[in-house]
Amino acid sequence: MVAHSKPVKEQDNARGTAILFDPGRGCLLPSDIIQKEPGTFLTVKNQLSGKMYSLGDQSPVQYQKRVEEDGVADMTQLEDLHDGAVLYNLKKRFEQHIIYTYIGTILLSVNPYKMYNIYGTDTVMKYKGKSFAENPPHLFAIANVAYSKMVDAKHNQCIIISGESGSGKTEATKLVLCYLASVHHTRKDNVTQQILEATPLLESFGNAKTVRNDNSSRFGKYIEIFLQDGVICGAITSQYLLEKSRIVFQAKNERNYHIFYEMLAGLSSQQKQRFYLQEAETYYYLNQGGNCEISGKDDGEDFHRLLSSMEVLSFSPDEQNSIFRILSSVLHLGNVYFEKYETDSQEIASVVSAREIRVVAELLQISPEGLQRSITYKVTETVREKIFTPLTVESAVDARDAVAKILYSLLFSWLTDRINKLVSPKTESLSIAILDIYGFEDLCVNSFEQLCINYANEYLQYFFNKIIFKLEQEEYIREQIDWKEVTFSDNQTCLDLISQKPHGILRILDDQSTFPQATDHTFLQKCHYHHGKNPLYSKPKMPLPEFSIKHYAGKVTYQVYKFIEKNHDQVRQDVMELFVNSKTKILTSLFSGQTMKVMSTRNNTINHRYQPPTVAAKFQQSLMELAEKMESCNPFFVRCIKPNNKKESELFEVDVVSLQLRYSGVLETIRIRKEGYPVRITFDNFIKRYKILLGLTHQIKADGENCITILKQIVSVSKGMYSIGLTKTNAANKDPTQPLIPHDAAKGKLPVNRPNTAETPKPKLATQDPVHHTTLNSEHFPEPTHNIKDIIRQYEQSATQKKTGLIRKEGGKIFTKKMDPHEEAMFILKGQIMPHVSQKPAPAPSKDKNSKEAVAMVKPVSGMTRKSSTRPVPAVSARHPVFSGASVSRELTGEDERIQTQLHGQPSEGYYTYSKMPCDLCIRKEVFYPKESFHSPVILDLIFRQIVSDTFSETCVRLNKEEQMKMKSLLAENKIVSSTLVKDEAVKRKIVMAAREAWDVYFCRLFPASGSVGTGVQILGVSHKGICLLKLVRASSTAAENLRVLRSYSYSDILFATIPSKNMLDFNLTNEKLILFSSKAPQVKSMIDYFITELKKDSNYVIAVKSHITNNISYLRFHKGDIIRLQPMDGLKEGQYHCYGCIVRKKVIYLEDLKKYTPDFGWKFGAFHGRSGLFPVEYVQPVAAPDFIHLSTDKKEEPMDKKGKVAASASATVAAAVGSTAAAEELDRKSEASPPVNELMESIPEYVLQDNQYTMIEFAKKYFRQPHKLKSEITKEKSKKGRDPKDPAEMVKYTKTPIQESLIEFCDENLNKVAAEIFIAVMKFMGDHPLKGQTEQDIVYSILKLCGEHEVMKDETYCQIIKQITDNTSTKTDSVQRGWRLLYILTAYYKCSEVFKPYLFKLLESVCRIPGASFQGIAKACDHNLKKTFQFGGRTQFPDGMELKAMVAGRSSKRQMFLLPGNMERHLKIKTCTVAVDVIEEFCNEMGFQNPEAANEYSMFVITNKGQIVHPLKKKDYILDVITEMEQVDQNFTFCFRRVLWFQPLKFENELCVTVHYNQIVPDYLKGLFHVLNQDTMSESQLQQASKLAALQQRAKDSLYLPTIREVQDCIPPQIYQFQRPQSWLNMVTQNIQHVQALSSHQARAQLLGLVSAFPMFGSSFFYIQSSSNSAIVAPCILAVNQNGLNFLNKETHELMVNFPLKEVQSTLTQQSGPSNSYPYAEIKLGDLMSQRITQLQLDQV
């Protein structure tokens, strides 16, 4: 770190001393003393430039401490604040390859001109969800914090990336996009990929090489990324001022837009012939710069990347063809040349190259004559006729260029609009915008475009100054804060010079553009006239057509040549008409849209002369709109710095960097960020947010004094860290790694201050480390001990200590016995004053092992008063019992007050307290501990009174109104009011038990906490139930605040908690990770660890850490995550198996080491899901009993059966039911990851099946509409039928009359018609309504189609079918059965909603569970279908006639043939909802693979067109859907099963497993794919190996005869067979056959597999590559895909040419063959997050 400097003393003038000196440039430079010469001179070396200086001994020199090796990460921490220190810091970091540095929250990025490995997935995850202080500076940190701020503040964010051309802005933009896309997307998300692919497309069309930058953005873009629920849902790109002049002109060493060169390099020769294209050097629009190539850029590869982007962005082949036609026509237009000839003394231009005219006309499908006329004549329209005026050669060239420019610019706009339509968000959502606009430019020739570009940068600098300097300092002045103004370079005058009305330069240009006779010269003269005396404007000394402007970044001279022409942005009417009539669809739409814009503008100006908008006017308007957008967002700034002008890596030119730092105001930015107050909160908001941290509920006056008092109580602050203004509290941030108000001040999450223990009386205690006081942590009122003996003993000891000088000197109070505990409790509850006793504090008692209560040693605060109250004060209040009454006020404690709390042992019967205190001490029951009871009458009475008091309190934040109302009802049932004296301990215990079980927050210890991104957490509660995330809310403006539970987790949900860094808590949960930040992280972890440890001590439960799959009935089968109840192994006999009640659920594990060498180590016996059995110990870990809190603490032993085993009892069922909590269910529902493919979705929890609230009647009560009938009709119906139609039970029963409106009450009344239509169809299918010419298939299709089109109709249809099968009274005997069949079909296709889900599952499983119930079998089938639909999404293809007929007849399966390797046929029974993974798992089970991971290594394929086309199936594809699709393509399709990955070991004992793999491996072996054949000869060992493998193949055939030469040849790869004569091979193989003759055919296959598995390419899937776009891949070749990645092998030798690891594969895209290409191809995107390239492979099959 650059430290504080001081004058150099004589003794400091030693060699190597670091100093600072001013070389006369007005800034200090860091240097080293080389030597002190005799006399008065010092020789120093500049650390920045390496230059040597000779200084006089009296020169102003200062001493400088050495900086850290890596410099300073945040330059607000620089103590020496001058240019030299900043430059030196940046240079040191740059030399260490550290390119990012902070200035507070502003990021400086130095372009390294090469790619560093700091953008990978690991880096993304490192910055995800973290604050600035947790990681080194990085662009990802800015993106992450912007996202966090957006979620927390519910406000749009903007990342403004600025800098010179070539400083790395475009790359930074792509990085931010990639970060957001990689972190905030879903797996099924196409939008994110489309947004990413839009970047290279727009880059190709909008970027070009300039002298400053090889990939310079020649347009500005403002990308808004929209996010909904934390996931990207769309984007909108706004583009500004495409540089049109570049289309027709490029300076030396520059290029046109990339797309032209990429197209010419990437199109095939046939395509180039179709567009009449040649090499780039032949086109005038491309060759003016002198070099058509860029070093390090492969235009051909980039073109393939562009095509891939177009595919992802859904550009059709016709659209792509039209785009290339337009681009080609632009190039051909540039080669249209003119010659002049004179007629009638007038110069006229004629076209020399008529061929180009014809080519352009053909490509654009327009009239060649019309095109030629449009560029050689000017058309003037009069009322009666059109006048054609011939153009000069110069004007004709301008006309030609104008056509080219309008074609390209309209195409670019169309591309942007086309992308926006595709990826724009469908709903309103928050956004993060990224601004990437052209950098400041000063070229050799600066024209109109450079003026606009520099004007935009000038405005961005103004915006930066406004946010960083002007608004901030104006705020300090308004708030009257003592502030020394930071001066900065205000560029408002430069903006006025350029754009202010009426005489700004652009305004003058617009005025001149309206006059037909105006010229560039007249424009220049006007500028000289109005601005000649402006210090920022200068005229040329010589009469040249130019002017200069002194911009914020330096002086730039502009040549006015063609300023007026470039400012015109209109297309001649005849040109528009020409292209509107084109037969190219895109071209017509381009110019039609332009025509409509012109007509609209003309209509708006009909009353005065039409003036088309100029380029300058439109650009200024766009810039103002952009400014409005940015001002509506919260901005983050990224300043990109160019280290040199040579585009060289690792070159840091001090002068270049210094200039950029100076004009961008970096030094001033550091100063204001260092000295300012970035956190500013109004008094009212400050007190409202943070008073909770002090436990305050009543109103506090909103003024600065109270704010500071609160601030000092909760945060350690010193002078200079805050300032009080007129209306706001202003906080500084002196150390960014220790934020004063962490995370986000707007969220109210200030950390609670850790007290200074040195100032707190702390007697010597034989206890654990104290838990330091926080005002939020359990209210932390002193909680006295009641161990009388300890108190007396310690009191006696204190007297002895006083005599020996060991007693503390601080004043305080002491404990003393007052009266018996019950009387003492009564006194406390009645608010009576305790008698005063001695003023000396007594030491705390020693620790008791069974302790659960606490004693607090409190140093009294003098002068602290409390208003007396005649109203009885209860012992405890939910927030701070001392102030539970409305009339009671609380004064804030002094700054020097320090309190700490110490946990101590289990209390006995008495309580003691302080005496003669200037305040009252109250006690409360804060938390319950595991298995804690409250047998003591005193304890029970105190807790009971606490609960009653808070139930009737208006200020208890721990209770909401609903909880209070329920408790009031319970109290009323027991005839208890707030003043009732209750003596019945049973009633008290009942009340306390009810509160303990029902109140979520009441018995929590509260800790200040802030959540990870988007949680909104303010407080963490820890209780006997688990942890809960809390937020303080107010139900209405008049209601009191209370704590709302955002989310809760039981201890069985918590794996473990860690503290990765200071104040950070990392909870590892069953299905997710939870990150919280709390200043009390150690205390939270300690408390949670203690609870879980206590819970596990007597737990008889373990959790599976891996699956145990076995077919042995003596062993227990379970999956990873299952909780198993242990049973004693005494008397267990081998093979014994017992049924056991369902007692556990699939959730959570607390990780700890197994205790070895215990008596039953190795095997355990347990029960799970109705089964019991043995299992290995290494498969499980101990865990707390599921939801222990619901089990009675004094429960009796489980009833035993005759064999001594626990019988399935009601208590066991209850234990299972409570094991699955509602929170866990919600978590499972929202989990994005699919469930394991080998497991069906779990049933609805037991508590749902037992709960009456999930019946159809209850659903009808909540969601069905009430029948609309007159009262007389209802009375009539009741008298006739004896039932009320409004009765919910009647609403879900069968009806013979079609309904007229939906059963479920929807907001949209238009759905009634759809619901009625579906109901008629249901009645038709069930036979209760005439078919009227429809078939069953028509009816089913109609129902499924309507459900698919209307999402809400799915629940409605389920309800309708259930209604019609409930109490069915139809005359049709099969009506109910057909209704169930229809329900069976519906459950296979559509999920119900999450709301209806428990009701539907309860109905189905209730039918399944009723013994002897009708339709039990089909109810089980419906239940199975619905679970599969929830797991895999449901069928997509409607059933054909045969399948439907089978389903109606009750046949739900068919036999389907599958081909295994070697053309082995296997027939499997396929059911309605069988998916590909079911088939794979069945084959895996047959092959002996029981572990679920094995299924991931196999795939299903469908082969059509006689093996020419192979379609891989997804694991979730429904087999019957695939059959339906394939029958329309090829009736002779085949299902094929193959292995694709090879991680799992082979099962050599399983015959089918060996046969399948043998049949798959041998063909690849016989093709020689496993061998490297680059030798001229084969070694003897290789020949012997080949002969042995041939012998094993012969033995595998189980042949009784010796092989022939022909048979031997068929068993050896031909590439190897050629190395030896046939007879020699026969002899070797025959000899080896004798060695393997004893093997069975199965053993021979197994041995061959074992030998072949040693080959390097074993376990690969091989593909023949016809061609490749990657120059590193020499095609044709062979691609071997295996666990090592993509291996490209030489086609002849099979030698490895190149390998791409799997981690480099970003994505793949496959395209089937079409009319234009004979082979399918695959596109593979390789690289990392930042640098990616497309490799296109043309192959035989994908």
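Residues numbered from 1 in each chain as written. Predicted model: local features only at pLDDT ≥ 70, side-chain atom pairs only at ≥ 80, totals over all residues. Heavy atoms only, no water.

## Some details on the overall build of the chain
A tally of helices and strands in the chain yields 53 helices and 53 strands. Buried residues in the chain amount to 54% of all 1742 residues. Here the analysis covers contacts within the chain between residues at least 6 apart in sequence; of these, 68% occur between residues at least 24 apart. Carbon and sulfur atoms provide 51% of the accessible area of the chain, an area that totals close to 79300 Å². (Helix = DSSP H or I, 4+ residues; strand = E, 2+ residues; numbered from the N terminus. Buried < 20%, exposed > 50% of the residue type's maximum accessible area, 1.4 Å probe, protein only. Contact = heavy atoms within 4.5 Å. Areas by Shrake-Rupley, 256 points an atom, 1.4 Å probe, with all protein chains shown as cover.)

## Focus: the packing of helix α40 (residues 1336-1349) against helix α42 (residues 1375-1389)
With their axes 11 Å apart at the nearest point, α40 and α42 run at an angle of 45° to one another. Taken as axis vectors, α40 and α42 run oblique relative to one another. Like other packed secondary-structure pairs, α40 and α42 cross with a definite hand, here right-handed. Along its contact with α40, which presents Glu1336, Val1340, Ile1343, Leu1344 and Cys1347, the element α42 presents Arg1378, Leu1382, Ile1385, Leu1386 and Tyr1389. The residue makeup of the contact of α40 with α42, split by class, is eight nonpolar, no polar and two charged. (Axes fitted to C-alpha atoms, helices over the stretch in contact; angles between N-to-C directions. Parallel < 35°, antiparallel > 145°, perpendicular 65-115°, else oblique. Left-handed = near helix turned anticlockwise from the far one by under 90°. Nonpolar A, V, L, I, M, F, W, Y, C, P; charged D, E, K, R; others polar.)

## Looking at the confidence of the model for the chain
On average, residues of the chain carry a pLDDT of 76, and 75% of them reach 70 or more. Predicted confidence for residues 1-11 stays below pLDDT 50, and this span has 34 contacts to residues more than four positions away or in other chains. Taken together, the stretch residues 828-909 has pLDDT below 50 and engages in 251 contacts with residues farther than four places along the chain or on a different chain. (pLDDT = per-residue confidence, 0-100.)

## A short note on the sheet that holds strand β44 (residues 1498-1504)
Taken in spatial order, the five strands make up an open sheet running β43-β42-β46-β44-β45, and their pairing is mixed. Only two strands of the sheet have a single partner each, and these edge strands are β43 (1464-1471) and β45 (1509-1512). Each adjacent strand pair in this sheet contributes to an overall mean axis angle of 40°, direction not counted. As judged from the four bridges shared by β44 and β45, these two strands associate in the antiparallel manner. Counted as the bridge partner of Ile1503 is Val1510 from β45. Helix α47 (residues 1519-1529) contacts β42 (1453-1460), β43, β44, β45 and β46 (1534-1539) of the sheet and is inclined by roughly 75° relative to β42. (Pairing = 2+ DSSP bridges.)

## What about the side chain of Ser165?
Checked against the element boundaries, Ser165 lands in the loop between β9 (157-163) and α4 (169-183). Beyond its immediate stretch of four places on either side in the chain, Ser165 contacts Thr210, Arg212, Asn213, Ser216, Gly439, Phe440, Glu441 and Lys642.

## Describing the packing of helix α11 (residues 317-334) against helix α12 (residues 354-364)
Following both chains from N to C, one finds α11 and α12 inclined at 165°, their axes separated by 9 Å at the closest point. In terms of axis orientation, α11 runs roughly antiparallel to α12. With respect to the hand of their crossing, α11 and α12 are arranged in left-handed fashion. Across from Arg325, Ile326, Ser328, Ser329, His332 and Leu333 in α11, the residues of α12 making contact are Glu356, Val359, Val360, Glu362, Leu363 and Leu364. Its residues assigned to classes, the contact of α11 with α12 comprises six nonpolar, three polar and three charged.

## Considering the pairing of strand β49 (residues 1685-1690)
The buried fraction of β49 amounts to five of the six residues, a majority that puts the element mostly inside the structure. Two elements, strand β48 (residues 1677-1682) and β49, share six bridges in a ladder whose sense is antiparallel. Across the sheet, residue Cys1677 finds its bridge partner in β49, namely Asn1690. Hairpin connection from β49 to strand β50 (residues 1696-1700): five residues lie between these consecutive antiparallel strands, with His1694 at a positive phi of about 65°.

## Focus: the packing of aromatic side chains
Enumeration over the complete set of coordinates arrives at 53 aromatic pairs. Here Phe1259 and Phe1396 contribute two aromatic rings whose centre-to-centre distance is 4.7 Å and whose plane-to-plane angle is 55°, an arrangement assigned as tilted. Taken together, the residues Phe1259 in helix α36 (residues 1256-1263) and Phe1396 in the loop between α42 and α43 (1397-1409) connect sequence positions 137 residues apart. The exposure class assigned to Phe1259 is buried, which follows from its relative accessible area of 2%. Relative accessible area serves as the criterion here: at 0%, Phe1396 is assigned to the buried category. Measuring from ring centre to ring centre gives 4.9 Å for Phe1483 and Phe1537, while their planes differ by 50°; the resulting arrangement is tilted. Remark: Phe1537 occurs in strand β46 and Phe1483 occurs in helix α46 (residues 1476-1486); sequence separation between them is 54 residues. (Phe/Tyr/Trp six-rings, centres within 6.5 Å; stacked < 30°, edge-to-face > 60°.)

## Considering the environment of Asp1374
Assignment of secondary structure puts Asp1374 in the loop between α41 (1353-1365) and α42. The spacing of Asp1374 and Met1326 is 48 residues in sequence and 7.5 Å in space, taken between C-alpha atoms.

## Side note on the sheet that holds strand β23 (residues 679-682)
Taken in spatial order, the three strands line up as β23-β25-β24 in an open sheet, and their pairing is antiparallel. Pairing within the sheet leaves two strands with one partner each, and these edge strands are β23 and β24 (722-724). Direction aside, the axes of adjacent strands within the sheet are offset by 20° on average. Across the face of the sheet, helix α25 (residues 683-690) comes into contact with β23, β24 and β25 (728-731) while running at roughly 90° to β23. Set on the sheet, helix α26 (residues 704-714) makes contact with β24 and β25; between it and β24 the angle comes to about 160°.

## A short note on a negative patch on the surface
Side chains of Glu342, Glu347, Glu394 and Glu565 sit close together on the surface and give a patch of like negative charge. Looking at the secondary structure, you find Glu342 in strand β14 (residues 338-343). Owing to a relative accessible area of 67%, Glu342 belongs among the exposed residues under this scheme. (Patch = residues over 30% accessible without salt bridge, like charges linked within 9 Å, V, L, I, M, F, W, Y side chains within 5 Å. Salt bridge = Lys/Arg side-chain N within 4 Å of Asp/Glu carboxyl O. Lys, Arg positive; Asp, Glu negative; His and termini not counted. Charge placed at Lys NZ, Arg CZ, Asp CG, Glu CD.)

## Comments concerning α12
Of all the positions in α12, only Glu356, Ile357, Val359, Val360, Ala361, Leu363 and Leu364 are classed as buried. In the segment just after α12, Gln365 is the residue with positive phi, at about 55°.

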